[in-house]
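# Observations on the three-dimensional arrangement
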Amino acid sequence: MFYYVLKYVVLGPVLRLLFRPRIEGLENIPEDGAAIVAGNHLSFSDHFLMPAIIKRRITFLAKAEYFTGPGIKGRLTAAFFRSAGQIPVDRSGKDAGQAAIREGLGVLSKGELLGIYPEGTRSHDGRLYKGKVGVAVMAITAQVPVIPCAMVGTFEIQPPGQVVPKIKRVAIRFGEPLDFSRYAGMENQKAAIRAVTDEIMYAILELSGQEYVDEYAAKVKAAEQEAASPRKFPGLRR
C-alpha cells in the first residue's frame, strides 16, 4: 500500500515536476506477467526515477547496507526501502550472487517485475561496465523477457558522493524486450550466460550511448582507489 502512496502521492509527482523525464519506449514494459527490467546505474536517483514512471510495481534487489545503517537515519532509510518494496541482498561473500538470484527468482515466480542493475554497482565515472551474469541466469531459469533500460543524465544530476541532486531534465529509455527462450535449460553453462549478459549490456549501450568498459566496475574502481592512495614504504615513519 505504502508503495503506491510513494509512487502516486509523495515521490512520483515531485520527481516528475522537478526532473521532467523524457520517457521513450514505455510501451515495451508488459502490462502483466513476469519480466526483468535491466538498466545502467549512474546515480542514487535511479532508484526512484525509474519506478516513478513505470505504471506497474517494480521490485529491485537493493544492497543490504541500505537496511543496516546505524542510528535514526539508518532506521528511516531501512524503513523507506522496505516500504518501497525493495529486497536487501548481502553482496559480500562467495554466496552473495546465489542469494540475489534466489530472491530475484522469487519475485519473478509471482508474475511481477524485477528491476536489476547488471553492473552490480553504480558507475563511478559515467561509463558502462561489464555486466554480471546473474541477470542471465534469472532470465533463462524463469524464461522471462528482459527489457533493457537506459538512464540518461542522472550521473550529471547526482554523481557518487553528491547528496542533493541538481534540478535538471533527464531521459529514461526502454528498449524492446529481449527473448532468450533459445537458451532454455542452459542457465548453468558459462558460455550461454555470458552471451546472454553481453547481449543485454549491448542493448543498454545502444540506448544510453555511454562509453563501454569490458571490465567489472567494482574492480576498476578498487584499482583506481588503490593507485590514488598514498604509498607506504618499509621503514618510513609517518
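See the structure printed just above.
Residues numbered from 1 in each chain as written. Predicted model: local features only at pLDDT ≥ 70, side-chain atom pairs only at ≥ 80, totals over all residues. Heavy atoms only, no water.

### Some remarks on the overall build of the protein chain
Each helix and strand counted, the protein chain has eight helices and nine strands in total. Compactness check: the protein chain gives a C-alpha radius of gyration of 18 Å against a globular reference of 18 Å for 238 residues, within 12% of the reference. With the C-alpha coordinates of the protein chain rotated into their principal frame, the extents come out at 65 × 45 × 35 Å. Looking at the protein chain as a whole, 45% of its 238 residues are labelled buried. Element-wise, carbon and sulfur atoms account for 56% of the exposed surface of the protein chain, whose accessible area totals about 12,800 Å². Each charge sign in the protein chain was given a centre, from 32 positive and 24 negative side chains, and these centres are 9 Å apart. (Helix = DSSP H or I, 4+ residues; strand = E, 2+ residues; numbered from the N terminus. Rg over C-alpha atoms; globule rule 2.2 N^0.38 Å. Buried < 20%, exposed > 50% of the residue type's maximum accessible area, 1.4 Å probe, protein only. Areas by Shrake-Rupley, 256 points an atom, 1.4 Å probe, with all protein chains shown as cover. Lys, Arg positive; Asp, Glu negative; His and termini not counted. Charge placed at Lys NZ, Arg CZ, Asp CG, Glu CD.)

### Let's talk about the layout of surface pockets
The computed volume of the second largest pocket comes to approximately 640 Å³. What lines the second largest pocket is a set of 29 residues, and nearest its centre among them are Phe 44, Phe 48, Gln 158, Gln 162 and Val 163. Breaking the lining of the second largest pocket down by element, the ones donating at least two residues are α1 (2–19), α2 (46–53) and α3 (71–83). Residue composition of the lining of the second largest pocket, grouped by class: 18 nonpolar, seven polar and four charged. (1 Å grid on protein atoms, 1.4 Å probe; cavity = no way out; pocket = protein on both sides within 12 Å on 5 of 7 lines; lining within 4 Å. Points joined across faces, edges and corners; volume = space filled by probe spheres on them. Nonpolar A, V, L, I, M, F, W, Y, C, P; charged D, E, K, R; others polar.)

### A closer look at the pattern of salt bridges
Under the definition given, this model contains five salt bridges. The shortest N-O distance in the salt bridge between Glu 211 and Arg 127 comes to 3.5 Å. One end of the pair, Glu 211, is in the loop between α7 (190–208) and β9 (212–213); the other, Arg 127, is in the loop between β5 (113–116) and β6 (128–129), with 84 residues separating them in the sequence. By relative accessible area, which is 23% here, Arg 127 ends up partly exposed. Measuring nitrogen to oxygen at the nearest pair gives 3.1 Å for the salt bridge that ties Arg 194 to Asp 198. Linking Arg 194 with Asp 198, this pair stays in helix α7, spanning four residues, or about one helical turn. (Salt bridge = Lys/Arg side-chain N within 4 Å of Asp/Glu carboxyl O.)

### Notes on the pairing of β5
Both faces of β5 are covered, namely the face carrying Leu 113 and Gly 115 and the face carrying Leu 114 and Ile 116. Where strand β3 (residues 58–63) lies against β5, three bridges are found, and the strand directions are parallel. Residue pairing for β5: Thr 59 is matched across the bridge by Leu 114. (Pairing = 2+ DSSP bridges.)

### Concerning the packing of aromatic side chains
Under the defined criterion, the tally for this structure stands at three aromatic pairs. Seen in terms of ring centroids, Phe 60 and Tyr 117 are 5.3 Å apart; in terms of plane orientation they differ by 25°. Their pairing is stacked. Taken together, the residues Phe 60 in strand β3 and Tyr 117 in the loop between β5 and β6 connect sequence positions 57 residues apart. Exposure remark for Phe 60: the relative accessible area of 1% places this residue in the buried category. Relative to Tyr 183, the ring of Phe 180 has its centre 6.4 Å away and its plane inclined at 50°; by these criteria the two rings are tilted. Judged by relative accessible area, Phe 180 falls into the buried class, the value being 2%. Looking at Tyr 183, the relative accessible area reads 16%, which means it is buried. (Phe/Tyr/Trp six-rings, centres within 6.5 Å; stacked < 30°, edge-to-face > 60°.)

### Some words on the side chain of Thr 197
Within the element layout of this structure, Thr 197 appears in helix α7. Accessibility expressed as a relative area gives 0% for Thr 197, which makes it buried. Engagement of the side chain of Thr 197 in a polar contact is seen with the backbone oxygen of Ile 193, the distance being 2.7 Å. Sequence-distant contacts of Thr 197, defined by excluding residues within four places in its chain, comprise Gly 131, Lys 132, Val 133, Val 135 and Ala 136. (Polar contact = N/O pair within 3.5 Å; in protein donor to acceptor, adjacent residues only side chain to side chain. Contact = heavy atoms within 4.5 Å.)

### So, the sheet that holds β5
Spatially, β1-β8-β7-β2-β5-β3-β4 is the arrangement adopted by the seven strands of the open sheet, whose pairing is mixed. Whereas interior strands pair on both sides, the edge strands pair on one side only; in this sheet they are β1 (22–24) and β4 (87–89). Pairwise comparison of adjacent strand axes, ignoring direction, gives a mean angle of 25° for this sheet. Judged from the four bridges that link them, strand β7 (residues 146–152) and strand β8 (residues 171–174) form a sheet pairing that is antiparallel. The residue bridging Ala 150 from the neighbouring strand is Arg 173, located in β8. Against the sheet, helix α5 (residues 134–142) touches β2 (35–39), β5 and β7, its axis set at about 160° to β2. (Axes fitted to C-alpha atoms, helices over the stretch in contact; angles between N-to-C directions.)

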